[in-house]
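What follows is the residue order along each chain.
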Amino acid sequence: MDTYSNLKNLGFSQYEAACYMALVSSHPVNGSQLSKISGIARSRIYDVLRNLISKGYVIEVNAGQYAPLPSDELVRRLKRIFGSNIEAFEDQITAASQKDAFEFVWTITGYENVMEKAMEMIKNAEKEIYVRLFPKASQHLDEHLTQADKRGVKIRYIAMGGVAKKFDIQVIHPDHDHLQQIIGGRSIEVITDKSEALVGIFETGKEDISAINWTRNRWFILANRDSLRHDFYHCFLEKILDQHQELTDDEKRIYKIIKEDN
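These numbers were taken from a predicted model, which means no experiment stands behind them.

Conventions adopted
- Every residue gets a number counted from 1 within its own chain, in the order that chain's sequence is written.
- In keeping with the model being predicted, local features are shown solely for residues with a pLDDT of at least 70 and side-chain atom pairs are shown and tallied solely at 80 or more, while totals for entire chains, interfaces and linings include all residues.
- Values reported for side chains reflect all heavy atoms of the structure, with hydrogen atoms and water molecules removed beforehand.
- Per the convention used, a helix needs a DSSP run of H or I reaching at least four residues, while a strand needs a run of E reaching at least two, with both numbered from the N terminus.
- Take the residue count of a helix, subtract one, and multiply by 1.5 Å to get its expected span.
- Exposure classes here rest on a 1.4 Å probe applied to the protein chains alone. A residue is buried below 20% of its type maximum, exposed above 50%, and partly exposed in between.
- Only one rule defines a salt bridge in this text: a Lys or Arg side-chain nitrogen within 4 Å of an Asp or Glu carboxyl oxygen.
- Pairing of aromatic rings covers Phe, Tyr and the six-membered ring of Trp, with a centre-to-centre limit of 6.5 Å; geometry is then stacked below 30 degrees between planes, edge-to-face above 60, and tilted otherwise.
- Strands are labelled as partners when DSSP assigns at least two bridges between them.
- Every axis corresponds to a line fitted to the C-alpha atoms, with the helix fit spanning only the stretch in contact, and the corresponding angles, defined between N-to-C directions, vary from 0 to 180 degrees.
- Only heavy atoms matter for contacts: two residues are in contact if any of them lie within 4.5 Å across the pair.
- Buried Ala, Val, Leu, Ile, Met, Phe, Trp, Tyr and Cys residues that are joined via side-chain atoms within 4.5 Å together make up what is termed a nonpolar core.

Caption draft 1: Region of the structure containing helix H6 (residues 111-124). With 14 residues, H6 extends 20 Å between its outermost C-alpha atoms, agreeing within 8% with the 20 Å of an ideal straight helix rising 1.5 Å per residue. Buried residues of H6: Tyr111, Val114, Met115, Lys117, Ala118, Met119, Met121 and Ile122, and no others.

Here it is in structure tokens:
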């Protein structure tokens, strides 16, 4: 018997899901016919029908003949029920939540899961985004950063490799290749609105099991945001002290902006 996992996730038992789907494919039918179509034993089919009728998902159209609630109406009803339940739960959990300023640091594993969280943070950002990204991560996130830039969010971008300049405040980290060897992988830092931080290292060969930290902890966020601000200074100091070159007018402008980003 098909488990119909989607319906089971929406509050149907395995038998109820199988019974409803069988009625959708063939109705009106009697209990004996429905037993054969659904694979549910005749000794159980009428109990299942009574449950579905009580929920309003099945109707007895003639004596001993059954039909399902139209599928589009079922979908609307389930959306309404679950939407209402979620709203009530939001109110309850907000009222019950502990009122303190401390936030834990959570870990996220799975490369795609980390990228999804980064995208969500970028989409929800309203004021500023500090990022330090290697090219692989930039392929996933630059499109969303561009959209944030268009809606007026300030982007502070440190590229860990040969990434084309896309943002007004963007630099290339001078030691990106060496740093990857030292830390044993590719780092990722996404800090939005001084309110969320996603930071960690995708270890080489272990990208999908690497633990990346996500938090709303204020001190963790400020420390990592300040680290990225100093990475901008590192870029400028490396050019001045190691390459013995002067900063361009644009680099001086970026330096002034980052310095004032308190």
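Caption draft 2: Broad picture of the pattern of salt bridges. One pass over the structure, following the stated rule, counts 14 salt bridges. Asp226 serves as the salt-bridge partner of Arg229, at 2.9 Å between the closest nitrogen and oxygen. Of this pair, Arg229 and Asp226 are both found in helix H9 (residues 218-242), three residues apart, which corresponds to roughly one turn of the helix. You can call Asp226 partly exposed: its relative accessible area is 32%. With a closest N to O distance of 2.9 Å, Glu251 and Lys239 form a salt bridge. Of this pair, Glu251 sits in helix H10 (residues 249-259) while Lys239 sits in helix H9; the two residues are 12 residues apart in sequence, bridging distant segments of the chain. The network of salt bridges with common partners includes Lys117, Glu120 and Glu196.

Caption draft 3: Spatial organisation of the packing of aromatic side chains. According to the stated counting rule, one finds five aromatic pairs in the structure shown. Ring plane angle 90 degrees and centroid distance 6.4 Å describe the contact between Tyr130 and Phe232, whose orientation is recorded as edge-to-face. One end of the pair, Tyr130, is in strand S4 (residues 128-133); the other, Phe232, is in helix H9, with 102 residues separating them in the sequence. Ring centres of Phe236 and Tyr255 lie 6.2 Å apart, and the angle between their planes is 80 degrees; on these two criteria the pair is classed as edge-to-face. Of the two residues, Phe236 is situated in helix H9 and Tyr255 in helix H10; the sequence distance between them amounts to 19 residues.

Caption draft 4: Main features of the sheet that holds strand S8 (residues 196-203). With mixed pairing, seven strands are arranged side by side in an open sheet as S3-S9-S8-S7-S4-S5-S6. Whereas interior strands pair on both sides, the edge strands pair on one side only; in this sheet they are strand S3 (105-108) and strand S6 (169-172). Between one strand and the next, the sheet's axes are offset by a mean angle of 10 degrees, whatever the strand orientation. Note: strand S5 (residues 154-159) against S6, four bridges, orientation parallel. Within S6, the residue paired with Arg156 across the bridge is Ile169. Helix-sheet contacts for H6 involve S3, S4, strand S7 (185-192), S8 and strand S9 (212-215), and the interaxial angle to S8 is about 155 degrees. The sheet contacts of H10 involve S4, S5 and S6, and relative to S6 the element is tilted by about 110 degrees.

Caption draft 5: View of the nonpolar core. Counting 28 residues, the largest nonpolar core has Ile129, Leu145 and Val190 as the members making the most contacts within it. Secondary-structure elements contributing two or more residues to this core are H6, S4, helix H7 (135-150), S5, S7, S8 and S9. Here this core takes seven residues from H6, the largest share from any one element. Among all residues touching Ile129, those that are not within four sequence positions of it are Ile122, Leu145, Ala148, Val153, Lys154, Ile155, Arg156, Val190, Ile191 and Thr192.

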